[in-house]
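# Summary of the model geometry
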Amino acid sequence: MEKKTQQSAYQKSYEYIRDQILNGELERGTKLIEEKLAEEIGVSRTPIREAIRKLEQEGLVQQKRVVNPTETELRNYFQVRILLEGFAARSAATYMNEEDLSKLKECVHIGRTGTPEEIMEANEKFHDLIVRSTNNPVMVDTIERMQSIIYLFRKTVVYHKRPFLIDEHQDIYEAILSRQPDEAEKLMKEHIQADLDFCLHVMK
């Protein structure tokens, strides 16, 4: 029973700190103070410490501060995404099934008509469907571990209304639908590069 209580205290702490970072309440560069967080959440310092460790593994926290990536670090993250998701789009154009194709189409539709929150969700699902189409658990896991950082910058492109974001999703979807692997890969790489350029512009 005690182990279960410890686990739920850790989970509660992890979700609380993560959500505060992702919704911008804990700004980039903010130092995380264990005592203060323990008091806010109503837990001991041990689950806080464990939660911070997990967030460090996910790249959201560095040396007990909310991540504030340098331009080089941001480029490194996006280069990995460009390589992996470019390959995933090529794979999707070859193997994606009808059911996932219709889900992809729905993501594009929500991207044009939804609230910012719905667009965020549809954007995540769009990329997730494409990555999962590879049926490569190592690739899926690599992207999963970058998910929190990806989310942080996905917010930047959605909430700052990056131009042509959904048009690019539409083009990628059509290349996958018409089974054009070369085109799908090229478009996905350009799409993520445009996200990077936009994020760097906003950060300046």
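Refer to the structure printed above.
This text gives an overview of the structure that appears in the document. Computed from a predicted structure; not experimentally measured.

With that out of the way, let us pick up the packing of helix H9 (residues 165-177) against helix H10 (residues 181-203). Where H9 contacts H10, the axes come no closer than 8 Å and their chain directions differ by 165 degrees. What the angle tells us is that H9 and H10 run roughly antiparallel. The handedness of the crossing between H9 and H10 comes out as left-handed. Seen from H9, the contacting residues are Leu-165, Glu-168, His-169, Asp-171, Ile-172, Ala-175 and Ile-176; seen from H10, they are Glu-183, Ala-184, Leu-187, Met-188, His-191, Ala-194 and Asp-195. Among the residues making up the contact of H9 with H10, the classes are represented as 8 nonpolar, 2 polar and 4 charged.

Glancing now at the packing of aromatic side chains. Under the counting rule described, the total for this entry stands at 1 aromatic pair. A cation over an aromatic ring shows up here: Lys-155 above the ring of Tyr-159, its NZ or CZ 5.6 Å from the ring centre.

Our next topic: a negative patch on the surface. Judged by side-chain charge, Glu-117, Glu-118, Glu-121 and Glu-124 come together as a negatively charged surface patch. Residue position: Glu-117 is located in helix H6 (residues 116-132). For Glu-117, a relative accessible area of 51% translates into the label exposed.

Moving on, we get to the environment of Asp-182. Mapped onto the elements, Asp-182 comes out in helix H10. Taking relative accessible area as the criterion, Asp-182 reaches 54% and is therefore assigned exposed. Sequence separation between Asp-182 and Pro-116 is 66 residues, and the spatial gap between their C-alpha atoms is 31 Å. At 2.4 Å, the side chain of Asp-182 forms a polar contact with the side chain of Arg-90.

A few words now on helix H3 (residues 45-57). With 13 residues, H3 should cover 18 Å at 1.5 Å per step; its first-to-last C-alpha distance of 19 Å lies within 8% of that length. Listed as buried for H3 are Pro-47, Ile-48, Ala-51, Ile-52 and Leu-55. End-on, the buried residues of H3 take up no more than an arc of 140 degrees, which puts them together on one face. One or two steps after H3, the chain reaches Gly-59, where phi turns positive at roughly 90 degrees.

Cut-offs used in this document
Residues numbered from 1 in each chain as written. Predicted model: local features only at pLDDT ≥ 70, side-chain atom pairs only at ≥ 80, totals over all residues. Heavy atoms only, no water. Axes fitted to C-alpha atoms, helices over the stretch in contact; angles between N-to-C directions. Helix = DSSP H or I, 4+ residues; strand = E, 2+ residues; numbered from the N terminus. Parallel < 35°, antiparallel > 145°, perpendicular 65-115°, else oblique. Left-handed = near helix turned anticlockwise from the far one by under 90°. Contact = heavy atoms within 4.5 Å. Nonpolar A, V, L, I, M, F, W, Y, C, P; charged D, E, K, R; others polar. Phe/Tyr/Trp six-rings, centres within 6.5 Å; stacked < 30°, edge-to-face > 60°. Lys NZ or Arg CZ within 6 Å of the ring centre and 35° of its normal. Patch = residues over 30% accessible without salt bridge, like charges linked within 9 Å, V, L, I, M, F, W, Y side chains within 5 Å. Areas by Shrake-Rupley, 256 points an atom, 1.4 Å probe, with all protein chains shown as cover. Salt bridge = Lys/Arg side-chain N within 4 Å of Asp/Glu carboxyl O. Lys, Arg positive; Asp, Glu negative; His and termini not counted. Charge placed at Lys NZ, Arg CZ, Asp CG, Glu CD. Buried < 20%, exposed > 50% of the residue type's maximum accessible area, 1.4 Å probe, protein only. Polar contact = N/O pair within 3.5 Å; in protein donor to acceptor, adjacent residues only side chain to side chain. Expected span 1.5 Å × (residues − 1). Arc of directions from axis to C-beta.

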